[in-house]
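Chain and residue survey
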Amino acid sequence: MSHQPDSLCRSIMSAPPVVLKPADTLLSGLQAMVQHRVPALPVVEADHRYVGMLARSHLIALAMPRVLSHEDQTHPLSHLLEIGFIQDTLADLQARMDAVANEPLADHIDTGVPVLEPETPLMNAMLFLHRQRNILPVVENGKLLGVVSVWDVLARIGRVK
Amino acid sequence: MHAAHSSVIFGLDPLWLATTVMIVTYGVIISEKLNRSIIALLGAMLMIMFGLLTQEQAIAGVDFNTIGLLVGMMIIVSITRKCGVFEYLAIWSAKLVKANPAGILAMLAAVTAIASAFLDNVTTVLLVVPVTLVITEALKVNPYPFLFSQILASNIGGTATLIGDPPNILIGGQVGLTFNDFVVNLAPVIVVILILHVISMHLIWGRTMTAAADMRARVMGFDENKAITDPRLLKLAALVLALVMIAFVLARKLGLDSGTIGMGGAALLLMLDNIGKSAEHQSENVLKVYNEVEWITIFFFVGLFIVIAGVEHAGLLKLLADKLLAATGGDFTITGMSVLWASAVLSAIVDNIPFVATMIPLIKAMAPAFGGADALMPLWWCLSLGACLGGNGTLIGASANLTVAGIAERNGIPFRFIRYTKIAFPLMLIHVAIAHVYLMWRYF
């Protein structure tokens, strides 16, 4: 059974405001994210091949003690419950970011973000957006075609011009 | 001799069939090709399907005293940790030594060992290691020595009590030894080994550690009181833990088995933590706690108990016990020391839980040769000290070791088998040698 065109991701995807390259520095990634106010940006090779996403939550993690960004689900007991005991200041957070600012962002890419295809049913994208994803890459034959963001979808649903 | 054997499939020899099932099960456990809880359950299923055990006999083989103690303690810990007391202890101990890295190395080893005496080793390191990494990062010191030291401390500390380490839970549960039996017989030598461990860590790493004054000031600036997330829960958990400890100490007088005490404490703490909350909130809260019970370990134990019941039924363990007695010439001292050293070396290379679970019925079978069950007491201490301390020998010797190595690797701290073993194995041999001297002096 073929889908109605409007029921596919193709109909709601948009061009990402900017794409990053693996060789870009973390700082430039952070700046682009702040400038465009997006929660994540796609990273692509020179030939537009999709690599993964740089996520704001990862940038936040980089400014915190390292162990917080490496928590895993197999050991929930190892998750720190509270870090209010650490009296770090904004300067400490800046120092942590400064230490990694010039690293290429290649090592910080989230490759676990669900990837949509232009023919993916719209409802699949809706479910991801509902479950705390804000921006998802749309990839065809390995190349980045666009993104589906929560803003695109909300704008279309609410007929916001 | 046993009714079940008449129905063994194809009329095969039950002894050989059961032995084969056990060897294949243990082989796959060691190979780690399949999650250990799955293979243990499959082995258990084969024992029943092959007619080596009836389902009734299989269920009778599962030691629910041990399972109850394990689950009960897991529930108590899962609730207790929510109040942040472990973070509090780690930070408090670091500040006590003025954030001097060598002092912290010693203090965190002591905190780990003491916590591990009352909690499962894996749980202890899961709680202590993240705070350790926060502290070492603030101090800008190499975290490796701290993690290394905590692995050994957790396995050493766990040996001191009935509830500190799975081999002890197994021995205590199956032999009917009390909390006091373990403390009175094992804690003295464990204190000596722990002190030696702290000194050796200082000589190997601590004495050359330095941290800049401003880094130390950062750690001194940590506010441990902020780590306590729920003071009310902390009081309730402390109350229940105290009651559980009292019950353990008085277990014989109260006529209570350890499984009852563990599950009883869990039920009491669950009640105190949930009473007065809405039904929906209670379900959510309780489900979270149950989800933190390590079901892999529990199902692994259940399967393993049935596999061992299978070989025991088939007569293998009695046969092995006789062979072992023949090899040692029925000499009690040689038997004891063989159990100690064989347990230590084997536990360093393979999972000590299946080993201990097999050794228990095997040692029990020696009772007639040594003058009854009571005379076997020293052998249980040999088994416990060997199996628990031996786990320190290599990175794969105990679950706590692998857990720490996993967290370390994720945090960019290389934790390699050879590098670990080069230092840990000789230290383990020294610890077992101390245990040897202690056992000889006290019991043989």
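Residues numbered from 1 in each chain as written. Chains lettered and ligands numbered in written order. Predicted model: local features only at pLDDT ≥ 70, side-chain atom pairs only at ≥ 80, totals over all residues. Heavy atoms only, no water.

1. Structural notes on helix α15 (residues 279–291) of chain B
Residue and element names in this part refer to chain B. An ideal rise of 1.5 Å per residue puts 18 Å on 13 residues; α15 measures up with 18 Å between its terminal C-alpha atoms. If you check which residues of α15 are buried, you get Asn285, Val286 and Val289. For α15, the buried positions fall inside an angular range of 95° around the axis, keeping them on one side. α15 presents Glu280, Leu287, Lys288 and Asn291 as exposed residues on the side facing more than 90 degrees away from its buried surface. (Helix = DSSP H or I, 4+ residues; strand = E, 2+ residues; numbered from the N terminus. Expected span 1.5 Å × (residues − 1). Buried < 20%, exposed > 50% of the residue type's maximum accessible area, 1.4 Å probe, protein only. Arc of directions from axis to C-beta.)

2. Thoughts on the interface of chain B and chain A
With 27 residues of chain B at the contact, the number on the chain A side is 21 residues. Taken together, the two surfaces of chain B and chain A that pack against each other cover about 2200 Å², and 62% of this comes from carbon and sulfur. Area buried by chain B at its contact with chain A is led by Arg81(B), Arg410(B) and Asn411(B), which between them contribute 24% of it. With its nearest N and O atoms 3.3 Å apart, the salt bridge here joins Arg218(B) to Asp88(A). Between the two partners, chain B and chain A, sit six residue pairs in polar contact (both at pLDDT 80 or more). Those elements giving two or more residues to the side of chain B that touches chain A turn out to be α5 (85–96), α7 (121–139) and α22 (399–410) of chain B. Considering only residue class, the side of chain B that touches chain A consists of 10 nonpolar, seven polar and 10 charged. (Contact = heavy atoms within 4.5 Å. Buried area = accessible area lost by both parts, 1.4 Å probe. Salt bridge = Lys/Arg side-chain N within 4 Å of Asp/Glu carboxyl O. Polar contact = N/O pair within 3.5 Å; in protein donor to acceptor, adjacent residues only side chain to side chain. Nonpolar A, V, L, I, M, F, W, Y, C, P; charged D, E, K, R; others polar.)

3. Concerning the environment of Ala113(B)
All names here are of chain B. Tracing the chain through its elements places Ala113 in helix α6 (residues 101–118). In sequence terms Ala113 and Thr124 are 11 residues apart; their C-alpha atoms lie 8.6 Å from each other. If we ignore the near neighbours within four places in the chain, the residues touching Ala113 are Ala153, Gly157 and Leu194.

4. What about the confidence of the model for chain A?
Here chain A averages 90 in pLDDT, while 98% of its residues score no lower than 70. For chain A, per-element mean pLDDT is lowest for helix α5 (residues 150–157) of chain A, which scores 90, and highest for strand β1 (residues 40–44) of chain A, which scores 96. (pLDDT = per-residue confidence, 0-100.)

5. So, helix α1 (residues 14–31) of chain B
All names here are of chain B. For α1, spanning 18 residues, the distance from its first C-alpha to its last is 25 Å, which sits close to the expected 26 Å at 1.5 Å a residue. For α1, the complete set of buried residues consists of Pro14, Leu17, Ala18, Thr19, Val21, Met22, Thr25, Tyr26 and Ile29. Looking at the buried positions of α1, the neighbouring elements they touch are α2 (36–49), α16 (295–314), α17 (316–327) and α19 (352–364). Of the residues flanking the start of α1, the one acting as N-cap is Asp13, its side-chain oxygen 3.1 Å from the backbone nitrogen of Leu15. In the segment just after α1, Glu32 is the residue with positive phi, at about 60°.

6. Some remarks on the packing of α7(B) against helix α11 (residues 213–220) of chain B
Running from N to C, α7(B) and α11(B) cross one another at 145°; their axes reach a closest spacing of 8 Å. Across from Ile135(B), Ala138(B) and Leu139(B) in α7(B), the residues of α11(B) making contact are Met215(B), Arg216(B), Arg218(B) and Val219(B). (Axes fitted to C-alpha atoms, helices over the stretch in contact; angles between N-to-C directions.)

7. Side note on unusual backbone geometry
Among all residues save glycine, negative phi is the norm, and among peptide bonds the norm is trans. Here Asn141(A), not a glycine, exhibits a phi torsion of approximately 50°, which is positive. Among the secondary structure elements, Asn141(A) is positioned in the loop between β3 (135–140) and β4 (143–149). The class for Asn141(A) is exposed, based on a relative accessible area of 77%. With phi around 55°, Ala99(B) is a residue other than glycine that occupies positive phi space. Following the sequence through the fold, Ala99(B) ends up in the loop between α5 and α6. You can call Ala99(B) buried: its relative accessible area is 0%.

8. Considering a nonpolar patch on the surface
All names here are of chain B. A surface patch of nonpolar side chains, amounting to about 830 Å² of accessible area, comprises Leu239, Leu243, Ile246, Val249, Leu250, Leu254, Leu256, Leu268, Met271 and Ile275. Contributing elements (two or more residues each) for the nonpolar patch: α12 (231–249) and α14 (258–274). Ranked by residues supplied to the nonpolar patch, first place goes to α12 with four residues. Tracing the backbone through its elements, the reader meets Ile275 in the loop between α14 and α15. Ile275 sits in the exposed class, given a relative accessible area of 54%. (Patch = residues over 30% accessible without salt bridge, like charges linked within 9 Å, V, L, I, M, F, W, Y side chains within 5 Å. Areas by Shrake-Rupley, 256 points an atom, 1.4 Å probe, with all protein chains shown as cover.)

9. So, the pattern of salt bridges
For the coordinates displayed, the defined rule picks out 15 salt bridges over all chains. The network of salt bridges with shared partners includes Asp88(A), Arg96(A), Glu137(B) and Arg218(B).

10. Considerations on the environment of Leu15(B)
Residue and element names in this part refer to chain B. The residue Leu15 is located in helix α1 in this model. Residue class for Leu15 comes out partly exposed when judged on its relative accessible area of 21%. Sequence separation between Leu15 and Ala314 is 299 residues, and the spatial gap between their C-alpha atoms is 4.9 Å.

11. Concerning the nonpolar core
Among the nonpolar cores identified, the biggest contains 113 residues, and Phe248(B), Leu383(B) and Leu385(B) are the most heavily contacted of them. It is α16(B) that provides the largest number of residues to this core, a total of 12 residues. Sequence-distant contacts of Leu383(B), defined by excluding residues within four places in its chain, comprise Ile171(B), Val339(B), Ser343(B), Phe355(B), Val356(B), Met359(B), Ile360(B) and Ile363(B). Val67(A), Leu80(A), Val129(B) and Phe146(B) belong to the second-largest nonpolar core, a separate cluster that totals 48 residues. (Core = buried A, V, L, I, M, F, W, Y, C linked by side-chain atoms within 4.5 Å.)

12. Concerning the pairing of strand β2 (residues 50–55) of chain A
Residue and element names in this part refer to chain A. Taken across its six residues, β2 has five buried, putting it largely inside the fold. When β1 meets β2, the two strands line up antiparallel, connected through five bridges. Its bridge partner being in β2, Ala40 is matched across the sheet by Ala55. Remark: five residues form the turn of the hairpin made by β1 and β2, two consecutive strands paired antiparallel; His48 in that turn has positive phi of roughly 70°. (Pairing = 2+ DSSP bridges.)

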